[in-house]
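# A look at the structure
Listed below are the residues making up each chain.
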Amino acid sequence: MSKRIHYTRPSITALEVSYATDAAANGWGDRCYEYIQRFERQFREYLGVGHAIATSSGTGALHIGMAGLGIGAGDEVILADVSWIASAAPIIHLGAKPVLVDVLEDSWCLDPAKVEAAITPRTRAILAVHLYGNLCELDALLDIGRRHGIPVIEDAAEAIGSTWHGRRAGSLGVFGAFSFHGTKTITTGEGGIFVTNDDALHERVLTLSNHGRARGETRQFWPECVGFKYKMSNLQAAIGCAQLERIDELVARKRHVFERYRSALAGLPLAMNPEPPGTTNGYWMPTIVVDRSVSFDREALLAAFKANDIDGRVFFWPLSSLPAFRDATPQPVSHSLAPRALNLPSYHDLEDEDVTRVATIVREALGRS
Ligand SMILES: *Cc1c(COP(=O)(O)O)cnc(C)c1O
């Protein structure tokens, strides 16, 4: 039996263990928010934003942020047909309607022309999901947003370490949301964070995130509205503080793994995550999209991975192909990408020879061994 290659796994060192141990032993009572506050401060500094609220999940960060924008019944939010359902679920929970539009063939992210064409008087936000670390066309989307008076939200759950012309993904929209799920580039087990530069939005979201209790309220247990409970625990934040101290190393490793794949797969009829000039890709998930002209059996490649103790992972199904979105119009590029695409394993401790093992199987599947 060869060594099992997982599709992703966290990198937990003595630093994470020591912070978590300290939080478990001492992080209670008066000190129960210490690591949370430290994590939020570290994250603000890393991202270059004014405000951050740690949450129990990326989905929760999106939910409280959208609620803070006042998105509700009858409103529409535009997003790509290709994403994880977590991007769309908060829209539906708020009673609003996700409007699915197509993606660009090379970035697998929102097509700005399709976004503009989908705007109606009910549009309340554009949700830009940076898929697998790839960046949306942020300048074009922010420009559309400005011209129509519609905020752009960044779902940067997969894009820590990605930068857009010198600014970090997640820091450019009206707010950004990150996830620290165990599969993401930095993890707290489960967790997320809401970030913004908008003082008023931050204040509203802070109140909503604390069961509707405003910061300046002097009465105990006095909510001014019905809010949410999506808080990160101090224990999780302790692990997050250690991960953030190691963020440059963790992102560098993701980039190293990607570059190894890129050279090992050179010459094959496929595309991988792009990195346009002026941007950096955090390469959360190295992804291959086989050229349309080539006949490719995704299931056969997944089976070959499995036979070789390698975890393969399908590209996200278009949301419009899922039962919950049966009324949505299927978007052609999104539907064309999914059956031709796969995510390849990537994590801190993946070794160069593991990449070679994976690449060999991809080569064999494409008949170029
Ligand atoms: C992981 C992810 C989320 C949600 O994060 P959770 O922490 O799992 O709630 C949202 N959007 C995208 C694109 C994701 O990949």
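All of these numbers come straight from a predicted model, not from anything done at the bench. (Residues numbered from 1 in each chain as written. Predicted model: local features only at pLDDT ≥ 70, side-chain atom pairs only at ≥ 80, totals over all residues. Heavy atoms only, no water.)

With numbering aligned to this structure, UniProt lists the feature "modified residue: N6-(pyridoxal phosphate)lysine" (unreviewed entry) at Lys 184. For Lys 184, the position within the fold is in the loop between strand 8 (175–179) and strand 9 (192–196). Since its relative accessible area comes to 13%, Lys 184 is described here as buried. Non-local contacts of Lys 184, meaning those with residues more than four positions away in its chain, are made with Ala 157, Glu 158, Ser 179 and Trp 284. (UniProt positions renumbered as here; feature names shortened; annotations may be inferred. Helix = DSSP H or I, 4+ residues; strand = E, 2+ residues; numbered from the N terminus. Buried < 20%, exposed > 50% of the residue type's maximum accessible area, 1.4 Å probe, protein only. Contact = heavy atoms within 4.5 Å.)

Note that Ser 87 resides in helix 4 (residues 85–93). Judged by relative accessible area, which is 2%, Ser 87 ranks as buried. In this structure, the C-alpha to C-alpha distance between Ser 87 and Gly 170, residues 83 residues apart in sequence, is 14 Å. Those residues in contact with Ser 87, other than ones at most four positions away along the chain, are Leu 62, Met 66, Leu 79, Leu 127, Val 129 and Asp 155. Among the polar contacts listed, one links the side chain of Ser 87 to the side chain of Ser 83, at a separation of 2.7 Å. Looking at Ser 87, its side chain comes within polar contact range of the side chain of Asp 155, at 2.8 Å. (Polar contact = N/O pair within 3.5 Å; in protein donor to acceptor, adjacent residues only side chain to side chain.)

Right, let's get into helix 4. Among the residues making up helix 4, those that are buried are Ala 86, Ser 87, Ala 88, Ala 89, Pro 90 and Ile 91. Here the buried face of helix 4 lies against helix 3 (58–68), strand 2 (76–80), strand 3 (97–101), strand 4 (123–129) and strand 5 (152–155).

Attention shifts here to the pattern of salt bridges. Throughout the structure, instances matching the rule amount to 19 salt bridges. In this structure, the salt-bridge partner of Arg 38 is Glu 245, at a minimum N-O distance of 3.5 Å. With a gap of 207 residues between them, Arg 38 in helix 2 (residues 34–47) and Glu 245 in helix 8 (residues 234–245) connect regions that are remote in the sequence. Taking the relative accessible area as the measure of exposure, Glu 245 reaches 43% and is therefore partly exposed. As a salt-bridge pair, Arg 255 and Glu 275 come within 2.6 Å of each other at their nearest N and O atoms. One end of the pair, Arg 255, is in helix 9 (residues 247–264); the other, Glu 275, is in the loop between strand 10 (270–272) and strand 11 (279–280), with 20 residues separating them in the sequence. On the basis of relative accessible area, Glu 275 is assigned to the partly exposed category, the value being 29%. One network of salt bridges, in which partners are shared, links Lys 3, Glu 351 and Asp 354. (Salt bridge = Lys/Arg side-chain N within 4 Å of Asp/Glu carboxyl O.)

Our focus in this paragraph is the domain arrangement of the protein chain. Segmentation of the protein chain into domains returns domain 1 (14–245) and domain 2 (247–365). Distance from the C-alpha centre of domain 1 to the C-alpha centre of domain 2: 25 Å. With 40 residues of domain 1 at the contact, the number on the domain 2 side is 41 residues. Interface of domain 1 and domain 2: buried area, both sides summed, is about 3100 Å²; carbon and sulfur atoms make up 62% of it. Looking at the side of domain 1 facing domain 2, the largest losses of area belong to Asp 81, Trp 108 and Tyr 132, adding up to 24% of the total buried there. Taken together, domain 1 and domain 2 are joined by two salt bridges. Notably, a salt bridge pairs Glu 105 with Arg 340, separated by 3.1 Å at the nearest N-O pair. (Domains from an automatic or database assignment. Buried area = accessible area lost by both parts, 1.4 Å probe.)

Of the two faces of strand 12 (residues 287–290), the one holding Thr 287 and Val 289 and the one holding Ile 288 and Val 290 are both buried throughout. Where strand 10 meets strand 12, three bridges bridge the pair, whose relative direction is antiparallel. Across the sheet, residue Met 272 finds its bridge partner in strand 12, namely Ile 288. By the bridge criterion, three bridges tie strand 12 to strand 14 (residues 341–343) in an arrangement that is antiparallel. (Pairing = 2+ DSSP bridges.)

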